[in-house]
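A look at the structure
Read off the chains here:
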Amino acid sequence: MIALRRATLDDVDWLVDLLNGEETEPFLGGGAARDRDAIRAQVERSLQEPERAGTMIVEVDGERAATMKFELVSEAHRIARIGGLAVHPGFRRRGIADEAARQFQRHLLFDLGFHRLELACYGFNDRAIRHSERVGFVREGVKRRAYLRHGEWQDAVQFSLLREDLDS
């Protein structure tokens, strides 16, 4: 069974290991928190401001398998930016990320009342692009050579999902 929950301070060391793993780190955003103090601060903010930011843990049969996060971008327009999806190597290629993303979408759009979810993937990250499309996000365009990552300029593929996309 796949379940989504908010990260706690007990998850910080696991998150540090996952986000710095050699199979995970190259695909995450360059500005993402990686060190223990920054990840702890993110988790604390998620616990203190649950409607503005969230660091989430995906569990499979009670075992930590993945993480994802969101942050309020516009309160007036009810827009959240999501990202930071990282699946532990032992849980990949089992459809866990797809089901967890769908649960996350419903939580943000229906439980927290967001109108629009936005995300961006590096243009080289074909797996993330396919995942985004599989779970219903609509490709809106490409920001060309928008981000410097590992010494090279990378494109960012932009996606969104609206509340009414899930209503239909």
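Located above this text is the structure these notes cover.
All values reported here derive from a predicted model rather than from experimental measurement.

1. Quick word on the overall build of the protein chain
Helix and strand counts for the protein chain stand at 5 helices and 7 strands. When its helices and strands are written in sequence order, the protein chain yields β-α-α-β-β-β-α-β-α-β-β-α. Based on the C-alpha atoms only, the size of the protein chain along its principal axes is roughly 40 × 35 × 30 Å. Here the protein chain holds 168 residues, and 42% of them are scored as buried. Put simply, of all contacts in the protein chain between residues at least 6 apart along the chain, 60% involve residues at least 24 apart. Total accessible area on the protein chain stands at roughly 9,100 Å², and carbon and sulfur atoms take up 47% of it.

2. Considerations on the side chain of R6
Considering the arrangement of structural elements, one finds R6 in strand β1 (residues 2-6). Look at R6: it is buried, it has no salt bridge, and the nearest opposite charge is E51 at 8.1 Å. For R6, the side chain forms a polar contact with the main-chain oxygen of P50, separated by 3.1 Å. For R6, the side chain forms a polar contact with the main-chain oxygen of A53, separated by 3.0 Å. Filtering out sequence-adjacent residues up to four positions away, R6 remains in contact with S46, L47, P50, A53, G54, T55, M56, F70 and H107.

3. Let's talk about the pairing of strand β2 (residues 53-60)
Of all 8 residues in β2, 8 are buried; the element is thus mostly enclosed. Along β2, one buried face is formed by A53, T55, I57 and E59 and the opposite face, lined by G54, M56, V58 and V60, is buried too. Looking at chain direction, β1 and β2 are connected through 5 bridges and run antiparallel. Across the sheet, L4 pairs through a bridge with V58, a residue of β2. Pairing geometry for β2 and strand β3 (residues 63-74), over 8 bridges, is antiparallel. Looking across to β3, one finds that V58 is bridged to A66.

4. Focus on the sheet that holds strand β4 (residues 79-87)
Spatial ordering of the open sheet is given by β1-β2-β3-β4-β5-β7-β6, a layout of 7 strands whose pairing is mixed. Pairing within the sheet leaves two strands with one partner each, and these edge strands are β1 and β6 (138-149). The average angle at which neighbouring strand axes cross in this sheet is 30°, direction not considered. Relative to β4, β3 is paired through 7 bridges, and the arrangement is antiparallel. Paired with A66 across the bridge in β4 is V87. Packing of helix α3 (residues 96-111) onto the sheet brings it into contact with β1, β2, β3, β4, β5 (116-122) and β7 (152-162), and relative to β1 it is tilted by some 50°.

Reading the values: rules and limits
Residues numbered from 1 in each chain as written. Predicted model: local features only at pLDDT ≥ 70, side-chain atom pairs only at ≥ 80, totals over all residues. Heavy atoms only, no water. Helix = DSSP H or I, 4+ residues; strand = E, 2+ residues; numbered from the N terminus. Buried < 20%, exposed > 50% of the residue type's maximum accessible area, 1.4 Å probe, protein only. Contact = heavy atoms within 4.5 Å. Areas by Shrake-Rupley, 256 points an atom, 1.4 Å probe, with all protein chains shown as cover. Lys, Arg positive; Asp, Glu negative; His and termini not counted. Salt bridge = Lys/Arg side-chain N within 4 Å of Asp/Glu carboxyl O. Polar contact = N/O pair within 3.5 Å; in protein donor to acceptor, adjacent residues only side chain to side chain. Pairing = 2+ DSSP bridges. Axes fitted to C-alpha atoms, helices over the stretch in contact; angles between N-to-C directions.

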